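# A structural walkthrough
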Amino acid sequence: MARDKIYIEEEFPSPIKQLWLTFKTTPVAIWALGFYSLLVLLAIFGSFLSPHSAMENNLEVLLMPPAWHVDGDISYLLGTDDLGRDMLSRLIQGTSLTFGLSIIVVILALVIGVVIGSISALTRGLKASLLTHFLDVVLSMPSLLLAIIIVAILGPGLTNVLWAIGLVLIPQFIHITRNAIKEEQKKGYVLIPILDGASELRVLVTSIYPNIIDKIIIQATLAQSAAILDIAALGFLGLGAPVALPEWGSMLANSLDLFYIAPWTTYLPGLAILIAVIVTNLVGEGFRHSLKLQKEN
């Protein structure tokens, strides 16, 4: 009996296990997931892993180059900035401000957007039409421009930046959820349980959501990439995190004047933003490919 049970489990893996089995067949996606997990760990435990304080000034090591430079010091692996602050520590702790907050904003926007989008898909008449036209107007505007407008109304600051980016992302999740549900409602597998007496809510949860989860995941990865860029861009423009905080966009803006004498202070935060965006997109593409194979099989 035990052997039969093991055989059955191997013959019919769970959906999550099947998703992982297809996901790990793509080496690039595995590497991206590893880097993504590292960024998540840095966002959570960055303050404990930093070799130095990210805020404390040290006038004895102003603009020290990275350790591989002839004038570098191994204790300051990536060098220091114009106030003697350790670049490695600021990049590590900045992960929570740029990358970590982007995850929180996307999760909140996803939950709110999916709920409103689902209600909209089940609603008919004038209310649904007005919401559709409103979404078309909002989505026609560039997300960064819309975020700047909202921050201009609310005022500068990291908290207001997060509110602005969340408000920009919610309509995207409403739109993708509503359209995906509307498309699935036309298919036969949805009509059959409704004819058998199942409620629309039950059909939505048990039948439609599993078939649109791939679209929501893809939208979530795109939204996180946009959130990372928007947080960094607003910080670069001076509308986000205060200057002293090690937010990547703010670090990039503060180092522009030092580009020719201390280029590492500029390209390191820019490289961090680039890696975070690329890794997020690759992980999303890996899940999209795995979910697609799972559907085909």
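No experiment lies behind these values; they were computed from the predicted model shown. (Residues numbered from 1 in each chain as written. Predicted model: local features only at pLDDT ≥ 70, side-chain atom pairs only at ≥ 80, totals over all residues. Heavy atoms only, no water.)

Relative to the helices and strands, Ser 37 is located in helix 3 (residues 27-49). Overall, the relative accessible area of 35% leaves Ser 37 in the partly exposed class. (Helix = DSSP H or I, 4+ residues; strand = E, 2+ residues; numbered from the N terminus. Buried < 20%, exposed > 50% of the residue type's maximum accessible area, 1.4 Å probe, protein only.)

Below, the discussion takes up the pattern of salt bridges. Counted by the stated rule, this structure contains 4 salt bridges. The salt bridge involving Asp 81 is made with Arg 85; its shortest N-O contact spans 2.8 Å. Looking at Arg 85, the relative accessible area reads 9%, which means it is buried. Taking the relative accessible area as the measure of exposure, Asp 81 reaches 6% and is therefore buried. A cluster of three or more residues bridged by salt bridges with shared partners is formed by Asp 81, Arg 85 and Arg 90. (Salt bridge = Lys/Arg side-chain N within 4 Å of Asp/Glu carboxyl O.)

Bringing the side chain of Ser 89 into the picture now. With respect to the element layout, Ser 89 can be found in helix 4 (residues 87-122). Within the structure, the side chain of Ser 89 is placed 3.0 Å from the backbone nitrogen of His 52, a separation counted as a polar contact. Looking at Ser 89, its side chain comes within polar contact range of the side chain of Asp 86, at 2.6 Å. Those residues in contact with Ser 89, other than ones at most four positions away along the chain, are Ser 50, Pro 51, His 52, Ser 53 and Ala 54. (Polar contact = N/O pair within 3.5 Å; in protein donor to acceptor, adjacent residues only side chain to side chain. Contact = heavy atoms within 4.5 Å.)

Now for the layout of surface pockets. Its boundaries defined by the atoms lining it, the largest pocket holds a volume of some 410 Å³. Every residue lining the largest pocket is counted, 14 residues in all, and those nearest its centre are Leu 39, Leu 42, Leu 91, Ala 272 and Ile 275. Contributions of two or more residues to the lining of the largest pocket are made by helix 3, helix 4 and helix 11 (264-296). Considered class by class, the residues forming the lining of the largest pocket number 13 nonpolar, 1 polar and no charged. (1 Å grid on protein atoms, 1.4 Å probe; cavity = no way out; pocket = protein on both sides within 12 Å on 5 of 7 lines; lining within 4 Å. Points joined across faces, edges and corners; volume = space filled by probe spheres on them. Nonpolar A, V, L, I, M, F, W, Y, C, P; charged D, E, K, R; others polar.)

Residues Val 106, Ile 165, Leu 169, Phe 173 and Leu 234 are the most contacted members of the largest nonpolar core, which totals 26 residues. Looking at this core, the element that brings in the most residues is helix 7 (residues 158-185), giving 9 residues. In this structure, Leu 169 is in contact with Val 105, Val 106, Ala 109, Ala 223 and Ala 227, ignoring residues within four places of it in sequence. Met 87, Leu 268, Val 277 and Val 279 belong to the second-largest nonpolar core, a separate cluster that totals 22 residues. (Core = buried A, V, L, I, M, F, W, Y, C linked by side-chain atoms within 4.5 Å.)

What follows is about helix 3. For helix 3, spanning 23 residues, the distance from its first C-alpha to its last is only 28 Å, which falls clearly below the expected 33 Å at 1.5 Å a residue. Taking the largest bend as the criterion, helix 3 deviates by roughly 60°, centred on Ala 43. For helix 3, the complete set of buried residues consists of Ala 29, Ala 32, Tyr 36, Leu 39, Leu 42, Ala 43 and Gly 46. (Expected span 1.5 Å × (residues − 1). Bend = angle between axes of the 7 residues up to and from the residue.)

Attention now moves to the packing of aromatic side chains. As enumerated under the stated definition, the model contains 3 aromatic pairs in all. A ring pair is formed by Phe 259 and Tyr 260, whose centres lie 5.3 Å apart and whose planes are at 80°; its orientation type is edge-to-face. Its relative accessible area of 38% is what places Phe 259 among the partly exposed residues. When its relative accessible area of 78% is taken as the criterion, Tyr 260 is described as exposed. (Phe/Tyr/Trp six-rings, centres within 6.5 Å; stacked < 30°, edge-to-face > 60°.)

Moving on, we come to the packing of helix 7 against helix 9 (residues 200-236). In the contact formed by helix 7 and helix 9, the axes pass within 9 Å of each other and the chain directions differ by 155°. Overall, the two elements helix 7 and helix 9 adopt an arrangement that is roughly antiparallel. Note that helix 7 runs across helix 9; the crossing there is right-handed. Residues that form the contact of helix 7 with helix 9 fall into these classes: 18 nonpolar, 5 polar and 4 charged. (Axes fitted to C-alpha atoms, helices over the stretch in contact; angles between N-to-C directions. Parallel < 35°, antiparallel > 145°, perpendicular 65-115°, else oblique. Left-handed = near helix turned anticlockwise from the far one by under 90°.)

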